[in-house]
Amino acid sequence: MTAPDSLQSRAPVEVSVFRAAMARFPGAVTIVATGVGEGRRGITATAVCSVTADPPSLLACLNRKTGTCAAVAENGRFTVNLLPGDGGPLALIFAGATGASGAGKFQSGDWIADVSGQPRLSDAIVTFSCDVSEQMLAGTHLIFIGQITAITTTEGAPLVYEQSRFHRLEPV
């Protein structure tokens, strides 16, 4: 199927315009993590969403240049950890803002093993343990479809990101 001629002739949206618009789109702040021991890798991600309830699955988009992306592709398993409202400092560490890298990022936070041995943040609002069922290339990122094998929850309000700032989600 091809796009109508009117769509094919449109100029693409500029990257800066796209980024500015997406900055207005609030996202749940998560850490996608994988591996064991010194092979652990993790990254802060807001590009995570549900795919289907049957079978339970979600997707996570990871930049192909990151060690976490390569590790998820190699391991075939990952966790998605929804950060609590006070998780801003940990999000910055896993975003690389403090200079920590690789397994060194896991020196911050209380990390335990999930049911398959993958890193799980003990105070995450929700942790989804996933097996990679599909992956696909999308520009600079790989999209991983994770079939959910376990869910762990705790009480609390999650951390969200909007306009380049962290916010606590509160009921209105």
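Please read these numbers as outputs of a predicted model, since none were measured by experiment.

J.: Summarise helix H3 (residues 67-75); cite the residues concerned and give the values.
T.: Taken together, the buried positions of H3 are Thr68, Cys69, Ala71 and Val72. Viewed end-on, H3 has its buried residues packed into an arc of 165 degrees, placing them on one side of the element. Within two residues after H3, glycine 76 carries a phi angle of roughly 75 degrees, on the positive side.

J.: I'd like a description of the sheet that holds strand E1 (residues 27-28), backed by residues and values.
T.: Across the sheet, which stays open at both edges, the 3 strands sit in the order E1-E11-E12 with antiparallel pairing between neighbours. For this open sheet the edge positions go to E1 and strand E12 (165-168), each flanked by a neighbour on one side alone. Bridge analysis of E1 against strand E11 (residues 159-162) gives 2 bridges, and the strand direction is antiparallel. In the sheet register, glycine 27 faces E11, and the bridge partner there is tyrosine 161.

J.: Report on the nonpolar core, specifying residues and quantitative values.
T.: The biggest cluster of nonpolar side chains holds 14 residues, and the ones touching the most others in it are Val32, Leu58, Leu62, Phe78 and Phe144. Those elements that place two or more of their residues in this core are strand E3 (41-45), strand E5 (56-63), H3, strand E6 (77-82) and strand E10 (141-153). Dropping the residues within four chain positions of it, phenylalanine 78 is found in contact with Val32, Ala33, Thr34, Leu58, Ala60, Val72, Phe128, Ser129, Cys130, Val132, Phe144 and Gly146.

J.: Any chance you could break down the pattern of salt bridges for me, citing the residues and the numbers?
T.: Evaluated as defined, the whole model comprises 2 salt bridges. In this structure, arginine 24 engages glutamate 162 in a salt bridge whose closest nitrogen and oxygen atoms are separated by 3.5 Å. Of this pair, arginine 24 sits in the loop between helix H2 (15-23) and E1 while glutamate 162 sits in strand E11, and the two are 138 residues apart along the sequence. Relative accessible area serves as the criterion here: at 55%, arginine 24 is assigned to the exposed category.

J.: How would you summarise the packing of aromatic side chains if you had to cite specific residues and measurements?
T.: Applying the stated criterion across every chain yields a total of 4 aromatic pairs. Ring geometry for phenylalanine 106 against tryptophan 111: centres 4.9 Å apart, planes inclined by 70 degrees, an arrangement best described as edge-to-face. The exposure classification of phenylalanine 106 matches that of tryptophan 111, with both residues buried. Clustering of aromatic rings is evident, with ring pairs tying together Phe94, Phe106 and Trp111.

Criteria and cut-off values
- Residues numbered from 1 in each chain as written.
- Predicted model: local features only at pLDDT ≥ 70, side-chain atom pairs only at ≥ 80, totals over all residues.
- Heavy atoms only, no water.
- Buried < 20%, exposed > 50% of the residue type's maximum accessible area, 1.4 Å probe, protein only.
- Helix = DSSP H or I, 4+ residues; strand = E, 2+ residues; numbered from the N terminus.
- Arc of directions from axis to C-beta.
- Pairing = 2+ DSSP bridges.
- Core = buried A, V, L, I, M, F, W, Y, C linked by side-chain atoms within 4.5 Å.
- Contact = heavy atoms within 4.5 Å.
- Salt bridge = Lys/Arg side-chain N within 4 Å of Asp/Glu carboxyl O.
- Phe/Tyr/Trp six-rings, centres within 6.5 Å; stacked < 30°, edge-to-face > 60°.

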